[in-house]
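Tertiary structure, described
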Amino acid sequence: MGKFKINGKWLLALGYPQGPVVSVAMTVINMHFKHSSEEEVKQILTAVLADPVGYLEHETLSKIAVKLVPEAIPERVEHKLLEKPVPYEVYGESFIEEGARSQMNSAVYLPVAVAGALMPDAHQGYGLPIGGVLATENAVIPYGVGVDIGCRMCLSIIDLPEVSLDGQFDKYKKELEKNTVFGAGGALKIAKDDAVLERSEFNEIPLLKRLKDKAVDQLGTSGSGNHFVEWGIVELTDNNNGLNMPAGRYVALLSHSGSRGLGAQVAGEYTKLARELCPLPSQVQHLAYLDLNTEAGQEYWLAMNLAGDYASACHHLIHKRLIKAIGGNILARVENHHNFAWKEVYNGREVIVHRKGATPAGEGVLGIIPGSMTAPGYIVRGLGNAASLNSASHGAGRRMSRSKALKSITGHDLRTVLRDHNVTLIGGGLDEAPMAYKDINTVMAAQSDLVDIVGRFMPRIVRMADPGPSED
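Just so it is clear, the model here is predicted, and its values are computed rather than measured.

1. A closer look at the overall build of the protein chain
For the protein chain, the count of helices and strands is 15 helices and 17 strands. Computed over C-alpha atoms, the radius of gyration of the protein chain comes to 24 Å, within 12% of the 23 Å expected from 2.2 N^0.38 for 472 residues, which places it in the range of a compact globule. Classification of the 472 residues of the protein chain by burial places 58% in the buried group. Total accessible area on the protein chain is roughly 19800 Å²; 50% of this is exposed by carbon and sulfur atoms. One way to put it: in the protein chain the 47 positive side-chain charges average out to a point 6 Å from where the 53 negative ones average out.

2. Considering helix H3 (residues 38-50)
Taking 1.5 Å of rise per residue, 13 residues should cover 18 Å, and H3 covers 18 Å from first to last C-alpha, within 8% of that figure. Val-41, Ile-44, Leu-45 and Val-48 are the residues of H3 that are buried. One side of H3 holds all its buried residues, which, seen down the axis, span an arc of 90 degrees. Along H3, the residues that are exposed and aim more than 90 degrees away from the buried face are Gln-43 and Ala-50.

3. Notes on the nonpolar core
Leu-110, Leu-134, Ile-149, Val-266, Tyr-270 and Tyr-300 are the most contacted members of the largest nonpolar core, which totals 58 residues. Element by element, the count of residues in this core is highest for helix H12 (residues 295-325), at eleven residues. Not counting the four nearest positions on each side in its chain, Tyr-300 is found in contact with Val-140, Pro-142, Val-145, Ile-149, Val-266, Tyr-270 and Leu-290. Of all hydrophobic cores here, the second largest spans 52 residues; its members include Val-380, Ala-396, Val-423 and Met-464.

4. Some thoughts on unusual backbone geometry
Phi at Arg-260 takes a positive value of approximately 60 degrees, unusual for a residue other than glycine. Mapped onto the fold, Arg-260 is located in helix H11 (residues 260-277). Residue Arg-260 is classed as buried on the basis of its relative accessible area of 10%. If you check the backbone angles, Asn-390 has positive phi at about 55 degrees while not being a glycine.

5. A closer look at the sheet that holds strand E10 (residues 339-346)
One open sheet holds the five strands; their spatial order is E1-E2-E3-E11-E10, and the pairing between them is mixed. Both edges of this open sheet fall to strand E1 (88-90) and E10, since each of them pairs with a single strand only. Each strand axis lies, on average, 15 degrees off the axis of its neighbour in the sheet, ignoring direction. Most of the contacts of helix H5 (residues 98-107) go to strand E2 (residues 113-123), to which it runs at about 170 degrees, and overall it touches E1, E2 and strand E3 (130-136). Sitting on the sheet, H12 touches E10 and strand E11 (349-356), and the angle it makes with E10 is about 115 degrees.

6. So, the side chain of Arg-355
With respect to the helices and strands, the residue Arg-355 is situated in strand E11. Accessibility expressed as a relative area gives 1% for Arg-355, which makes it buried. Within the structure, Arg-355 has its side chain in polar contact with the backbone oxygen of Leu-389 (distance 2.8 Å).

7. Quick notes on the pairing of strand E17 (residues 451-464)
Within E17, ten of the 14 residues are buried, which leaves it mostly tucked inside the rest of the structure. By the bridge criterion, nine bridges tie strand E6 (residues 228-236) to E17 in an arrangement that is antiparallel. Bridged to Glu-230 within E17 is Val-462. In terms of strand pairing, strand E16 (residues 424-426) meets E17 through three bridges, oriented parallel. In the strand pairing of E17, Leu-425 is matched with Val-462.

8. Details of H5
Counting buried residues along H5, seven of its ten residues qualify, which places the element largely inside the surrounding structure. Listing the buried residues of H5 in full gives Gly-99, Ala-100, Arg-101, Gln-103, Met-104, Ser-106 and Ala-107. Residues of H5 that are buried in the fold lie against E1, E2 and E3.

9. Details of the packing of aromatic side chains
In total, this model carries three aromatic pairs according to the counting rule given. Over the face of the ring belonging to Phe-202 we find Lys-212, whose NZ or CZ atom lies 5.2 Å from the ring centre. In this structure, Arg-355 packs its charged tip against the face of Trp-342, placed 4.9 Å from the ring centre.

10. Section: the packing of H11 against H12
Across the interface, H11 lies against H12 with an axial gap of 10 Å and an inter-helix angle of 165 degrees. The angle between H11 and H12 places the two elements in the roughly antiparallel class. Considering the relative orientation of H11 and H12, their crossing is left-handed. Residues Arg-260, Leu-262, Gly-263, Val-266, Tyr-270, Leu-273 and Leu-277 of H11 pack against Ala-296, Glu-299, Tyr-300, Ala-303, Ala-307 and Tyr-310 of H12.

11. Examining the packing of helix H10 (residues 206-218) against H11
It is at 8 Å that the axes of H10 and H11 come closest, and there the two elements cross at 155 degrees. Here H11 runs roughly antiparallel to H10, going by the angle between their axes. Every residue of H11 that contacts H10 at Leu-207, Leu-208, Leu-211, Lys-214 and Gln-218 is listed here: Arg-260, Gly-261, Leu-262, Gln-265, Val-266, Glu-269 and Tyr-270. Counted by class, the contact of H10 with H11 contains six nonpolar, three polar and three charged residues.

The rules behind each value
Residues numbered from 1 in each chain as written. Predicted model: local features only at pLDDT ≥ 70, side-chain atom pairs only at ≥ 80, totals over all residues. Heavy atoms only, no water. Helix = DSSP H or I, 4+ residues; strand = E, 2+ residues; numbered from the N terminus. Rg over C-alpha atoms; globule rule 2.2 N^0.38 Å. Buried < 20%, exposed > 50% of the residue type's maximum accessible area, 1.4 Å probe, protein only. Areas by Shrake-Rupley, 256 points an atom, 1.4 Å probe, with all protein chains shown as cover. Lys, Arg positive; Asp, Glu negative; His and termini not counted. Charge placed at Lys NZ, Arg CZ, Asp CG, Glu CD. Expected span 1.5 Å × (residues − 1). Arc of directions from axis to C-beta. Core = buried A, V, L, I, M, F, W, Y, C linked by side-chain atoms within 4.5 Å. Contact = heavy atoms within 4.5 Å. Pairing = 2+ DSSP bridges. Axes fitted to C-alpha atoms, helices over the stretch in contact; angles between N-to-C directions. Polar contact = N/O pair within 3.5 Å; in protein donor to acceptor, adjacent residues only side chain to side chain. Phe/Tyr/Trp six-rings, centres within 6.5 Å; stacked < 30°, edge-to-face > 60°. Lys NZ or Arg CZ within 6 Å of the ring centre and 35° of its normal. Parallel < 35°, antiparallel > 145°, perpendicular 65-115°, else oblique. Left-handed = near helix turned anticlockwise from the far one by under 90°. Nonpolar A, V, L, I, M, F, W, Y, C, P; charged D, E, K, R; others polar.

So this is what it looks like as structure tokens:
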């Protein structure tokens, strides 16, 4: 449609009534008539407004017509759930909260569900529980991926001796503060040059086109809540570690963040669309899905993959700035998404595997599972356990809600545990205190059938945002 963009004000001026039909019309036109001119769109919408009953059988415009003559059609028929749930494995069952189990119990009744698994760090979220893994038949669930699409771990092992971190502690701390930006709306006003910004999806998908400027501003920044960038020491415990590095201790940089405002907007818009196209019973309405054979499903799939690549680019730019600032070079890197959906093979058939706060753990696949700001993170190698859908936990997992942590943990408590573990914290808040999380060693013990440990990361200087919401 060139520079023309349909909006609510324009539709109201055209004679459309205030109400749900406005957002539906915007979605339909932006998806199916994005290359039409303003005059062509005006003619189409005027015709539907004049005779909505005549468009009730139209392939795409029926969605608008339905909203204009609700009394002329029966209620939308909800998709029927399975009579019997698909089975799913649970790891660390004794310390998983009931809310997470309840959400997973609902998810496995979806008509597109094939198999599932619940990781030992699981806790309640939106849609799928955080720590939930679900395989589906040719369908993608926006809230099965999560709000922070492509949320990611990235670990860089650096060619500097361990003594440099203690000997130049103030420099490491200063550069960490100087070269990181956190929080909602956080942006870097510097020249941006990354291949991800040249992706064609930014021009081909209307929503991404509108988000391009925000994506440029926020590239190379981190989110709020449990997102972090931290210096620490990696100890490789296995010479056969998959990194072509000898066992030993190394300075390392570890970060956790996702696709920023770009991913959040994509998740919100396509979840709204999925709920419109895929009516489900109330207990699973947040798990509305998009058929990958539809234009909407393909658009979300492309947008999700772009958001994942954008998250990766953010990490790489953060690491590049910081490693250059302290005069080091990368020896090895381990990284992985944990809010994403992948096309994989399960029992001989292609499925869509959603890992909502879960780490890919296919045979031989390396990943990083962090603890808390004072607990170790673990470099792991996947064992390819089919029962877990080749997955493992994405961290220790919360044992307290944010509100409970704020009520029960004091500043003195946090300062004491930081001092006891020789960790310096920049930013952060009581809702992210180590005591709010499960014991990472207990979580790792519960998934010994899923991953082997080849190394561990001990945090020393941790940079986080001020307290704020985060879903994963």
